[in-house]
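Here's the letter readout for the chains.
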Amino acid sequence: MGNPFPGEHPEWLWRDPDPKSSYDAIVIGGGGHGLATAYYLAKNHGMTNIAILEKGWLAGGNMARNTTIIRSNYLWDESAAIYEHALKLWEELPEELDYDFLFSQRGVLNLAHSLQDVRDSVRRVEANRLNGVDAEFLTPEEVQKVCPIVNISEDVRYPVLGATFQPRAGIAKHDHVAWAFARACDAMGVDIIQNCEVTGFVRDGNRVTGVETTRGRILSDTVGMVAAGHSSVLAEKAGFRLPVQSHPLQALVSELYEPVHPTVVMSNYVHVYVSQAHKGELVMGAGVDQYNGYGQRGSFHVIEHQMAAALELFPIFGRAHLLRTWGGIVDVCPDASPIIGATPVDGLYVNAGWGTGGFKATPAAGWAMAHTMATGEPHELNQPFGLERFTTGHLIDEHGAAGVAH
């Protein structure tokens, strides 16, 4: 396919190996979670005869369309455990992968705009502290000390009454994260096969034995589905249904500006998040569009409302110019928590349903998925996130509990 960024990224990324006839494991999806799964299969479990199958190009799906936000200040114990493990891995990965993917621990503010917001925020801070997650509740004046450009005036529709703050949280450059994992996978002998869409599954009774692809049949008795936004489509091809719905998720960036925004600010009540990328773009987004769809675009009214919210919080951005908008596709589970574990088909595993939380969980999701694929048993991190919870009723309801849907 050629290198679309000549001189910017190493040529090996566009080396397109022919798939072997069989592998010890197949990972469907060449985004962040798929690459991290293959990396930890090789690093933690010594499995290197692995194929990553990507229907498009490396990290060209949701990995290229996310919020870049990394944090672990989730309410429930199960969520806090996997996201905090992810954050600890994020803190090690730049050195471990020998790649500067611009991980910046600039902190994340989750604003409170009502009395109920304040109560929920204080509750979440205390839950975070009990789980060893750094968190504190700030007054409006303390919020402005962290981020001087936030409007804390009382003369607005939704005044800032305070905020939670996680100092270790931050952002990373999502495409560089993908290159870092991909380079490490390639060095360990993993095949990264692009332009290879999975069209079906090969089975022997109730056991998976391989996949049908646009580049031929590839055999393996261990297959992981790690394709954000299209998990339910793959599951249907394998003969079962997943309790997920796919929704568009929109975001945008401005033209380049001098550094003015020192942290990440998120507001659930007015539903917007704002950060500033390393080059200077303002990165803004909101929640998922409410309709189901697979189009990588979204409805105009969502962008319109998020801009109105952003301008009330940040009047300084009133003359900012839009550079580009985009949309990803996210899988959303009924309890707003992911699925990581076995499926009804033996040897077939799934990592799906992250909603808007996928990027920040990347290394821990790969860690847990790799353990599950290598051993056939869930890791303690993903034990609570199996499909069986939808029949036992042990749901992990993060709807609204995590401060904002990102």
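Calculation rules
- Residues numbered from 1 in each chain as written.
- Predicted model: local features only at pLDDT ≥ 70, side-chain atom pairs only at ≥ 80, totals over all residues.
- Heavy atoms only, no water.
- Helix = DSSP H or I, 4+ residues; strand = E, 2+ residues; numbered from the N terminus.
- Rg over C-alpha atoms; globule rule 2.2 N^0.38 Å.
- Buried < 20%, exposed > 50% of the residue type's maximum accessible area, 1.4 Å probe, protein only.
- Areas by Shrake-Rupley, 256 points an atom, 1.4 Å probe, with all protein chains shown as cover.
- UniProt positions renumbered as here; feature names shortened; annotations may be inferred.
- Contact = heavy atoms within 4.5 Å.
- Pairing = 2+ DSSP bridges.
- Axes fitted to C-alpha atoms, helices over the stretch in contact; angles between N-to-C directions.
- Left-handed = near helix turned anticlockwise from the far one by under 90°.
- Nonpolar A, V, L, I, M, F, W, Y, C, P; charged D, E, K, R; others polar.
- Expected span 1.5 Å × (residues − 1).
- pLDDT = per-residue confidence, 0-100.
- Parallel < 35°, antiparallel > 145°, perpendicular 65-115°, else oblique.

Some points on the overall build of the protein
Tallying secondary structure elements over the protein gives nine helices and 19 strands in all. In terms of overall dimensions, the protein is globule-like: its C-alpha atoms have a radius of gyration of 21 Å, near the 22 Å expected for 406 residues. For the protein, buried positions account for 58% of its 406 residues. For the protein, the accessible surface area stands at approximately 16,600 Å², while carbon and sulfur atoms represent 51% of it.

Examining the UniProt feature "domain: Rhodanese" (unreviewed entry) in the protein
Here, UniProt's "domain: Rhodanese" (unreviewed entry) annotation points to residues 26-69. For residues 26-69, the end-to-end C-alpha separation is 28 Å, with 32% helix and 18% strand making up the annotated structure.

Side note on the environment of Glu 377
Among the secondary structure elements, Glu 377 is positioned in the loop between helix H8 (362-375) and helix H9 (389-392). Note: C-alpha distance between Glu 377 and Gly 341 (36 residues apart in sequence) is 8.1 Å. Once residues within four sequence positions are removed from consideration, Glu 377 is found in contact with His 371 and Thr 372.

Focus: the sheet that holds strand E12 (residues 223-225)
An order of E8-E2-E1-E12-E19-E18 is seen for the six strands of this open sheet, with the pairing classed as mixed. Of all strands in the sheet, those with a lone pairing partner are strand E8 (191-193) and strand E18 (339-342), marking the two edges. Ignoring which end each strand starts from, the neighbouring axes of this sheet average 15° apart. Across the sheet, helix H1 (residues 32-45) touches strand E1 (25-28), strand E2 (50-53), E8 and strand E19 (348-352), and the angle it forms with E2 is around 175°. Those strands touched by H8 are E1, E12, E18 and E19, and its axis lies near 170° from that of E19.

Quick word on the packing of H1 against helix H5 (residues 174-187)
Working note: a packed helix pair is described by the angle between its axes plus the distance between those axes. Contact geometry of H1 with H5 gives a least axis separation of 9 Å together with a crossing angle of 35°. Both H1 and H5 take part in a crossing whose hand is left-handed. Taking contact as the criterion, the partners of Leu 35, Ala 36, Ala 38, Tyr 39 and Tyr 40 in H1 are, on H5, Ala 178, Phe 181, Ala 182, Ala 184 and Cys 185. Looking at the contact of H1 with H5, its residues break down into ten nonpolar, no polar and no charged.

What about helix H3 (residues 115-130)?
Over its 16 residues, H3 runs 23 Å from end to end, which matches the ideal 22 Å to within 8%, given 1.5 Å per residue. Looking only at H3, the buried set comprises Asp 117, Val 118, Ser 121, Arg 124, Val 125, Ala 127 and Asn 128. Where H3 is buried, its residues meet strand E4 (108-112), strand E5 (136-138) and strand E6 (162-166). Where H3 terminates, the next one or two residues include Gly 132, which has phi positive at roughly 75°.

Focus on the sheet that holds strand E11 (residues 216-219)
If you walk across this open sheet you meet the three strands as E9-E10-E11, and the pairing is antiparallel. Two strands lie at the open edges of the sheet, namely strand E9 (198-204) and E11, each paired on one side alone. Taking the axes of each pair of neighbouring strands and ignoring which way they run, one obtains an average angle of 30° across the sheet. Inspection of the sheet shows E9 paired to strand E10 (residues 207-213) by six bridges, in the antiparallel sense. Among the inter-strand pairings, Gly 200 is bridged to a residue of E10, identified as Glu 212.

Let's talk about the side chain of His 379
Mapped onto the elements, His 379 comes out in the loop between H8 and H9. In this structure His 379 comes out as buried when scored by relative accessible area, which is 16%. The residues touching His 379, leaving out its near neighbours within four places in the chain, are Trp 367, Ala 368, His 371 and Thr 372.

Points about the confidence of the model for the protein
Any region with low pLDDT has predicted coordinates that should not be read closely. When pLDDT is averaged along the protein, the result is 91; 95% of the residues meet or exceed 70. Across residues 1-7 the pLDDT falls below 50, and counting only partners more than four positions away or on other chains, this stretch makes ten contacts in the model.

Side note on the pairing of strand E16 (residues 281-288)
In terms of residue burial, E16 counts as a mostly covered element, since seven of its eight residues are buried. Pairing analysis gives five bridges linking strand E13 (residues 245-256) to E16, with the strands arranged antiparallel. Its bridge partner lying in E16, Val 253 is registered against Val 283. The antiparallel hairpin formed by strand E15 (residues 272-276) and E16 contains four residues in its connecting segment, where Gly 280 sits at a positive phi of about 125°.

Some thoughts on the packing of helix H2 (residues 77-96) against H8
At their nearest, the axes of H2 and H8 sit 7 Å apart, and the two run at 110° to each other. With respect to their mutual orientation, H2 and H8 come out roughly perpendicular. Contact with H2, carried on its side by Ile 82, His 85, Ala 86, Leu 89, Trp 90 and Leu 93, involves Thr 362, Pro 363, Ala 364 and Trp 367 of H8 and no other residues of that element. Residue composition of the contact of H2 with H8, grouped by class: eight nonpolar, two polar and no charged.

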